[in-house]
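# Structural features, examined
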Amino acid sequence: MSNVAEGTHSVMEELSRDPNIDVVERGCLGQCTMCRDHRYARVEGKIIKSQQTDELIDDIYQYLEEEDWL
């Protein structure tokens, strides 16, 4: 939730508009240090992290494409 409050809410909104992606909001993922220092998301069990919100969106899409989930 802290990560969402710090900027990833816009990432969730953008990804939610993509019909090929299911977005699920979870509570604490136990990644305190990462949550404090990065924007991150758990994608298919893997943590994707970036310094900036817009980079996180790009990194998520890149990961999904590399793994053939898109």
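Residues numbered from 1 in each chain as written. Predicted model: local features only at pLDDT ≥ 70, side-chain atom pairs only at ≥ 80, totals over all residues. Heavy atoms only, no water.

### Overview of the nonpolar core
The biggest cluster of nonpolar side chains holds 11 residues, and these are V11, L15, I21, A41, V43, I48, L56, I57, I60, Y63 and L64. Of all the secondary-structure elements, those providing two or more residues to this core are α1 (2-16), β1 (39-43) and α3 (53-66). Counting residues per element, this core draws most heavily on α3, which supplies five residues. Excluding anything up to four places from it in sequence, Y63 contacts V43, K46, I48 and W69. (Core = buried A, V, L, I, M, F, W, Y, C linked by side-chain atoms within 4.5 Å. Buried < 20%, exposed > 50% of the residue type's maximum accessible area, 1.4 Å probe, protein only. Helix = DSSP H or I, 4+ residues; strand = E, 2+ residues; numbered from the N terminus. Contact = heavy atoms within 4.5 Å.)

### What to know about the layout of surface pockets
Looking at the largest pocket, its volume works out to about 800 Å³. Contributing to the lining of the largest pocket are 32 residues, with V23, V24, A41, R42 and V43 lying nearest its centre. The set of elements that each furnish at least two residues to the lining of the largest pocket consists of α1, α2 (32-37), β1 and α3. The greatest single-element share of the lining of the largest pocket, amounting to seven residues, is contributed by α1. Tallied by class, the residues present in the lining of the largest pocket amount to 20 nonpolar, seven polar and five charged. (1 Å grid on protein atoms, 1.4 Å probe; cavity = no way out; pocket = protein on both sides within 12 Å on 5 of 7 lines; lining within 4 Å. Points joined across faces, edges and corners; volume = space filled by probe spheres on them. Nonpolar A, V, L, I, M, F, W, Y, C, P; charged D, E, K, R; others polar.)

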